[in-house]
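# Notes for the structure review
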Amino acid sequence: MTLNSKIPAGPLDKKWESYKSTCKLVNPANKRHLDIIVVGTGLAGASAAASLGELGYKVKTFCFQDSPRRAHSIAAQGGINAAKNYQNDGDSTYRLFYDTIKGGDYRSREGNVHRLAEVSANIIDQCVAQGVPFAREYGGLLSNRSFGGTQVQRTFYAAGQTGQQLLIGAYQALERQVALGNVTQYSRHEMLELVIIDGKARGIIARNLVTGELERFFAHAVLLCSGGYGNVFYLSTNAMGSNVTAAWKAHKKGAYFGNPCFTQIHPTCIPVSGDHQSKLTLMSESLRNDGRIWVPKKQGDSRKPNEIPEDERDYYLERRYPAFGNLVPRDVASRAAKERCDAGYGVGASKQAVYLDYASAIERYGKVEANKQGLSNADARTIRELGEGVVKEKYGNLFEMYEKITGENPYKVPMRIYPAVHYTMGGLWVDYELQTTVPGLYALGEANFSDHGANRLGASALMQGLADGYFVIPYTLGNNLADDIRTKAIPTNHPAFEAAEKEVSDRINRLMNIKGKESVESFHKRLGKIMWDKCGMARNAQGLKEAVEEIKALRKEFWSNVYIPGEVKEFNPELDKAGRVADFLELGELMCLDALNRNESCGGHFREEYQTEDGEAMRQDDKYMYVAAWEYKGDSQFEMHREDLNYEVVHPSQRSYK
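Residues numbered from 1 in each chain as written. Predicted model: local features only at pLDDT ≥ 70, side-chain atom pairs only at ≥ 80, totals over all residues. Heavy atoms only, no water.

Counting its regular elements, the protein chain contains 17 helices and 21 strands. The globule rule puts the C-alpha radius of gyration for 658 residues at 26 Å, and the 24 Å found for the protein chain is close to it. Viewed in the frame of its principal axes, the protein chain has a C-alpha envelope of about 80 × 55 × 50 Å. Within the protein chain, contacts between residues at least 6 apart in sequence are counted, and of these 74% link residues at least 24 apart. For the protein chain, the computed accessible surface area is about 24900 Å², with 49% contributed by carbon and sulfur atoms. Positive and negative charge centroids in the protein chain, built from 82 and 82 side chains respectively, lie 1 Å apart. (Helix = DSSP H or I, 4+ residues; strand = E, 2+ residues; numbered from the N terminus. Rg over C-alpha atoms; globule rule 2.2 N^0.38 Å. Contact = heavy atoms within 4.5 Å. Areas by Shrake-Rupley, 256 points an atom, 1.4 Å probe, with all protein chains shown as cover. Lys, Arg positive; Asp, Glu negative; His and termini not counted. Charge placed at Lys NZ, Arg CZ, Asp CG, Glu CD.)

Okay, here's the thing in structure tokens:
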């Protein structure tokens, strides 16, 4: 089946404007009688709930954390993109649109991406009005820095904690609506089932994670803002609680899953230090803005980095991609690091790392500062101290974090970095209105697949989450709810709620009754190893076929030998985790099937059989220029539907950053 994305007719740059002018509206009095559920309170969820509450809808928010402020969006470091062209360096809405399409290796939908670029500028104004403390130049103007895959400076930031500051802005807007009575907040609640009545999403079953009780909630529409599924790999930069459960339950109830194999590997993470680790730490991509990446020119060189002279260093990104240098997109930078390490040029004890060096940036900034202060003959030490001061102001908390974790001072010695799982471009398939294939069910932010194609450009996740929540869903939701104003609230003793709750209860009891020998964590770790080895930075048909069988066997073992302590009707984090890992064990299989089906390399999906002579991704546009949207048909059974991608404005070409 070919899917309809509902992209409005007309020229690309007029589609959103014309949609907003002609979509159906719900009058203010009717909004007060419509209930909306928002699952997840990160940037997409908090901004959507705040905006819809402001419009007058009755909103209920759910998060499994003890406060909406603990959503994983808080961990985002480097910045948020917007086409404001403050630097006067040639940026525009079109250029942001083009960079995003090209960065995603021509596997994203033009209509959605252009809309994202259009509303990006509004996001900055919205956040400044909320008091988000973006970095500013000396004169008070908002500051910008560069990010991968672009040749302009369009990334707004707040030191290395942009996500935290943006989330506090959205959270304050949300709390205002809570105080006004427009939003009811349910913390420590996890959505475990979607309730569908007469073909429409009409509510959820959630587990109160403190008491263990199952609770029923009705709504006229359900918004999933539950983030990505990178933790399927066990080791990732995601928060430990990040999971796929809400999206997966929706998938099993009929929502198609789009491009599940498109995973982003982030090039700048602190390398794995041993088997004891349960997560990895990201060093913001903004560090590639000023840092230079290199390895020794000699294989197996065990000298300390500061002992290796300049002419014996290989700045391999600058060598291979002169036009973009250290700022190539994430997928390109990650593969280049892997290639160097695999070839024997890696550094550190594990030899699975490369250097990210700030020496020349510190010297450059130091000289500028010395000039500013009129120090015409400043010595090397003064220049260094001045330069370190500037770097500290821009990236200080990131450098502190690195030193705490590794015990090394990155102002004095280069950081060691290596790629790690970070973001998922795949997610629930949605149309232009952000509605899934289940009417009344929407997916926003990282939970949907729509804007990033096969590779997300750095600093675009925050942009998409806030665009969806503040500026898109208030229009598109109303367009559909306008036909629902006569639907009265459905009581939660309706048979569909009864059946959904029984389904959840039976599943939990089945898990608790296994009483096996192995911990939930050990199964998660084993799944992660299969996924990383065979569906990670590089994939091939043989490995993917093996992975599918290995995951099936692991799932069978999980359902016969997992050990979950404690009781159902109590606070039981191991039970919560078991449910999430059970879902990852099903998702992992679909990811491998999707990767096996896509016989090409594009963006973060690198099939070893499909590469150019110089090791770059080789797309097959004639065969795979589509979104793969998978329908759940039962255990290990999935049917693929397509959404053909039509490029009216951008003409797909071999991506080059040289």
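What follows concerns the sheet that holds strand 21 (residues 637-644). Reading across the sheet, the four strands line up as 16-10-20-21 and stay open at both edges, with antiparallel pairing between neighbours. The sheet is open, and its two edges are formed by strand 16 (427-428) and strand 21, each paired on a single side. As paired elements, strand 10 (residues 257-258) and strand 16 share two bridges and run antiparallel to each other. Across the sheet, residue Gly258 finds its bridge partner in strand 16, namely Gly427. Each of strand 10, strand 16, strand 20 (626-634) and strand 21 is contacted by helix 7 (residues 245-252), which is oriented at about 75 degrees to strand 20, the strand it contacts most. Where helix 16 (residues 573-597) meets the sheet, it contacts strand 10, strand 20 and strand 21, and its direction lies at approximately 140 degrees from that of strand 20. (Pairing = 2+ DSSP bridges. Axes fitted to C-alpha atoms, helices over the stretch in contact; angles between N-to-C directions.)

If you look at the biggest cluster of nonpolar residues, it comprises 185 residues, and the most contacted ones within it are Ile36, Ile80, Leu223 and Phe558. Considering each element in turn, this core owes the most residues, eleven residues, to helix 16. Summarising the domain contributions, this core has at least three residues from each of domain 1 (265-421) and domain 2 (509-625). Residues in contact with Leu223, not counting those within four places in the same chain, are Ile36, Ile37, Val38, Val39, Ala48, Leu52, Tyr442, Leu444, Ile473 and Leu477. In terms of nonpolar packing, the next biggest core, distinct from the first, is built from six residues, Trp294, Ile308, Tyr315 and Tyr355 among them. (Core = buried A, V, L, I, M, F, W, Y, C linked by side-chain atoms within 4.5 Å. Buried < 20%, exposed > 50% of the residue type's maximum accessible area, 1.4 Å probe, protein only. Domains from an automatic or database assignment.)

Take the pattern of salt bridges next. Summed over all chains, the structure comprises 67 salt bridges. In this structure, Arg655 and Asp105 form a salt bridge, with 3.5 Å as the shortest nitrogen-oxygen distance. Placement of Arg655 in the segment after strand 21 and of Asp105 in the loop between helix 4 (93-103) and helix 5 (110-130) is noted, with a sequence separation of 550 residues between them. Between Arg340 and Asp314 there is a salt bridge, with the nearest N and O atoms lying 3.6 Å from each other. (Salt bridge = Lys/Arg side-chain N within 4 Å of Asp/Glu carboxyl O.)

With that out of the way, let us pick up the environment of Gln161. Residue placement: Gln161 occurs in the loop between strand 4 (155-156) and helix 6 (162-180). Of the residues examined, Gln161 reaches a relative accessible area of 26% and is grouped as partly exposed. Each C-alpha atom of the pair Gln161 and Leu142 lies 16 Å from the other, and the pair is 19 residues apart in sequence. Sequence-distant contacts of Gln161, that is, excluding residues within four places in its chain, are made with Ala76, Gln77 and Asn397. Polar side-chain contacts of Gln161 include one of 2.7 Å to the side chain of Gln165. (Polar contact = N/O pair within 3.5 Å; in protein donor to acceptor, adjacent residues only side chain to side chain.)

With that settled, the discussion passes to helix 1 (residues 15-22). Of the residues making up helix 1, those classed as buried are Lys15, Trp16 and Tyr19. Seen from one end, helix 1 has its buried residues packed into an arc of 90 degrees, which puts them on one side. Exposed residues lying more than 90 degrees from the buried face of helix 1 are Ser21 and Thr22. Where helix 1 is buried, its residues contact helix 5 and helix 12 (461-481). (Arc of directions from axis to C-beta.)

Once that is clear, we can look at the environment of Gly300. As for its placement among the helices and strands, Gly300 is situated in the loop between strand 12 (292-296) and strand 13 (313-314). Classification of Gly300 by relative accessible area gives partly exposed; the value is 44%.

A few words now on the packing of aromatic side chains. Across all of its chains, the model carries 27 aromatic pairs by this definition. Taking 4.7 Å as the distance between ring centres and 70 degrees as the angle between the ring planes, the aromatic pair formed by Phe62 and Phe217 counts as edge-to-face. Of this pair, Phe62 sits in strand 2 (residues 58-62) while Phe217 sits in strand 8 (residues 214-218), placing them 155 residues apart in sequence. The same class applies to Phe62 as to Phe217, namely buried. Taking the centre distance of 4.8 Å and the plane angle of 45 degrees together, the rings of Trp294 and Tyr355 count as tilted. With Trp294 in strand 12 and Tyr355 in strand 14 (residues 354-357), the pair connects residues that are 61 residues apart, well separated along the chain. The burial state of Trp294 is the same as that of Tyr355; both residues are buried. Within the aromatic cluster, the residues linked to one another by ring pairs are Tyr229, Trp248, Phe257, Tyr632 and Phe638. (Phe/Tyr/Trp six-rings, centres within 6.5 Å; stacked < 30°, edge-to-face > 60°.)

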